[in-house]
Amino acid sequence: MGLWGNGQTLWMSSLFQLWRFENVLDAGQLANGYDRLYVPQVSYTTGDIDIHDVAINGEDRVMFVNTLFSCLAMPSETHSFVPVWKPKFISKLAAEDRCHLSGLAMVDGRPKYVTAASQSDVADGWRDRRDGGSVVIDVETNKIVAERLSMPHSPWFHDGTL
């Protein structure tokens, strides 16, 4: 579901894993006519946490939207994930997809905006609120910056604009 790339590295989420691929070709080198050959280098088995957007922060560490647990997270060496942030309306981390947190926009190497299908705090509560109940949240302030949307995904910050 999630994909991030910079031309040399690709991060991709699959159903139960998070993968890092690296281009192994040197500049100018071709493989079967292609100028990139991505080879898997690292994977984290997360279990079914429904990773959506994936991004790299200013410390070159991978972050992702953990939709099932309604939070932003990072890989863990010993657990499925390490929670980093959750919306203020989420009372606890639970494998319940409470608000359908889905998108992540980074600004200056930090998570800045996320999208959620609703502000629900109950299991699968977003499902009956997705038409017009969706929001964009400022991660730093925990404030809603856009609302009455319908299932926003993958926000992007470009040239000073969300």
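Coordinates for the structure precede this section.
What you see is a predicted model, and the numbers here were worked out from it, not measured in a lab.

Caption draft 1: Region of interest: the sheet that holds strand E7 (residues 71-74). Taken in spatial order, the 4 strands of this open sheet run E5-E6-E7-E8, and their pairing is antiparallel. Two strands bound the open sheet, and with one partner strand each, they are strand E5 (51-56) and strand E8 (82-85). Within the sheet, the average angular offset between the axes of one strand and its neighbour, ignoring direction, is 35°. Here E5 runs beside strand E6 (residues 62-66); their pairing, made up of 4 bridges, is antiparallel.

Caption draft 2: Spotlight on the pattern of salt bridges. What the rule picks out here adds up to 8 salt bridges. Among the ionic pairs, Glu-96 bridges to Arg-98, the shortest N-O distance being 2.8 Å. In this structure, Lys-112 and Glu-140 form a salt bridge, with 3.1 Å as the shortest nitrogen-oxygen distance. Taken together, the positions of Lys-112 in strand E10 (residues 110-116) and Glu-140 in the loop between strand E11 (131-138) and strand E12 (143-150) put the pair 28 residues apart, joining distant regions of the chain. You can call Glu-140 partly exposed: its relative accessible area is 44%. In this structure, a network of salt bridges that share partners links the residues Arg-110, Lys-112, Asp-138 and Glu-140.

Caption draft 3: The arrangement of the side chain of Lys-112 in detail. The exposure class assigned to Lys-112 is buried, which follows from its relative accessible area of 14%. A polar side-chain atom of Lys-112 sits 2.8 Å from a polar atom in the side chain of Asp-138. When neighbours within four sequence positions are excluded, Lys-112 is seen to be in contact with Ala-105, Met-106, Val-107, Ile-137, Asp-138, Val-139 and Glu-140.

Parameters and conventions
Residue numbers run consecutively from 1 along every chain, following the written order of its sequence. Totals for whole chains, interfaces and linings use every residue, but because this is a predicted model, local features are given only for residues with pLDDT of at least 70 and side-chain atom pairs only at 80 or more, for both listing and counting. To get the side-chain values, all heavy atoms of the structure are used, and hydrogens and water are removed first. Pairing between strands is defined by DSSP: at least two bridges between the two strands are required. Strands here mean DSSP runs of E at least two residues long; helices mean DSSP runs of H or I at least four residues long; both are numbered from the N terminus. Inter-axis angles, ranging from 0 to 180 degrees, are taken between N-to-C directions of lines fitted to C-alpha atoms, where helices are fitted over the stretch in contact. By definition, a salt bridge exists where a carboxyl oxygen of Asp or Glu is found within 4 Å of a side-chain nitrogen of Lys or Arg. Relative accessible area decides the class of each residue, using a 1.4 Å probe on protein chains only: under 20% of the type maximum gives buried, over 50% gives exposed, and in between gives partly exposed. Two N or O atoms count as a polar contact when they lie within 3.5 Å, although within protein this holds only if one can serve as hydrogen donor and the other as acceptor, and sequence-adjacent residues are included solely when both atoms are side-chain atoms. Residues count as neighbours in contact if any of their non-hydrogen atoms are within 4.5 Å of one another.

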